[in-house]
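Residue-level listing of the chains:
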Amino acid sequence: MFPELSYDCSQLTEYYSENIQPIIESNCIGCHQNPSPAGNVSFDSYESVAMNIKYGSILERIQREVNETGFMPKYGSPLSQGDILKITTFRDMSCP
Ligand code: HEC
């Protein structure tokens, strides 16, 4: 069954714009954007990123070892613990 979506409210969209979008734009969007996104996964929209943080593999990928297959950002440096915490916080937030 498809997971229930619980990210369509201002609490989450505001947290996202302030805390998550800058991380994605600095570290990920270069590869993950339309029209031909890496891994066929585009992070162009709020929905696509929110969905992936909550139900996909972003958090798992960014916490792999740098030299491990599938580490993200590919060819880049690991995100800071602060950035990972922001993404974890967003994952755990839900709409009232
Ligand atoms: C240099 C290009 C590049 C950058 C930068 C990059 N990625 Fe990727 N990403 C890829 C490629 C290529 C794949 C497909 C191969 C794979 O799955 O490892 C991929 C796959 C993924 C996947 C798996 C998609 C799936 O199948 O569900 C996730 C999640 C992901 N990236 C997240 C991120 C995040 C988050 C960032 C930023 C922190 C990032 N990527 C930065 C190139 C990149």
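Residues numbered from 1 in each chain as written. Predicted model: local features only at pLDDT ≥ 70, side-chain atom pairs only at ≥ 80, totals over all residues. Heavy atoms only, no water.

## Description of the site of the ligand
Then step 1. Cys-28, Cys-31, His-32, Arg-61 and Met-72 are the nearest of the 17 residues found near the ligand.
Then step 2. Side-chain polar atom of His-32 to a nitrogen atom of the ligand: 2.8 Å apart, as the coordinates give it.
Then step 3. The separation between an oxygen atom of the ligand and a polar side-chain atom of Arg-61 is 2.8 Å.
Then step 4. With three residues, the single largest contributor to the shell around the ligand is helix α3 (residues 58-62). (Near = heavy atom within 4 Å. Polar contact = N/O pair within 3.5 Å; in protein donor to acceptor, adjacent residues only side chain to side chain. Helix = DSSP H or I, 4+ residues; strand = E, 2+ residues; numbered from the N terminus.)

## Here we look at the state of the cysteines
Then step 1. Within the structure shown, the criterion is met by one disulfide.
Then step 2. Note that Cys-9 is cross-linked by a disulfide to Cys-95, the S-S spacing being 2.1 Å. The S-S bond linking Cys-9 to Cys-95 shows a torsion near -90°; that makes this disulfide left-handed. Note that Cys-9 is positioned in the segment before α1 (10-27) and Cys-95 in the segment after α4 (81-92), a separation of 86 residues in sequence.
Then step 3. Under the relative-accessibility criterion, Cys-95 is labelled partly exposed at 22%. (Disulfide = S-S within 2.5 Å. Buried < 20%, exposed > 50% of the residue type's maximum accessible area, 1.4 Å probe, protein only.)

## Focus: the coordination of the iron atom of the ligand
Then step 1. The coordination sphere of the iron atom of the ligand, as far as protein atoms go, consists of His-32 (NE2) and Met-72 (SD), spread over 2.0 to 2.3 Å.
Then step 2. If you look at the iron atom of the ligand, its six donor atoms make angles of 86 to 179° with each other, and the shape they trace is octahedral. Taken together, the residues span a long stretch of sequence, with His-32 in the loop between α1 and α2 (46-55) and Met-72 in the loop between α3 and α4 at a distance of 40 residues.
Then step 3. Judged by its relative accessible area of 22%, Met-72 is partly exposed. (Donors = N, O, S within 2.8 Å, 3.2 Å for Na, K, Ca; no water. Tetrahedral: all angles 85-135°; square planar, octahedral: opposite > 155°, others 65-115°.)

## So, the pattern of salt bridges
Then step 1. One pass over the full model with this rule turns up three salt bridges.
Then step 2. The salt bridge involving Arg-64 is made with Glu-60; its shortest N-O contact spans 2.7 Å.
Then step 3. By relative accessible area, which is 23% here, Arg-64 ends up partly exposed. (Salt bridge = Lys/Arg side-chain N within 4 Å of Asp/Glu carboxyl O.)

## Let's talk about α1
Then step 1. Relative to the 26 Å expected for 18 residues at 1.5 Å per residue, α1 spans 24 Å between its end C-alpha atoms, a close match to the ideal helical length.
Then step 2. A bend of about 50° at Ser-17 is the largest found in α1.
Then step 3. Every buried residue belonging to α1 is among Leu-12, Tyr-15, Tyr-16, Asn-19, Ile-20, Ile-23 and Ile-24, and all of these are buried.
Then step 4. Contacts made by the buried residues of α1 are with α2 and α4. (Expected span 1.5 Å × (residues − 1). Bend = angle between axes of the 7 residues up to and from the residue. Contact = heavy atoms within 4.5 Å.)

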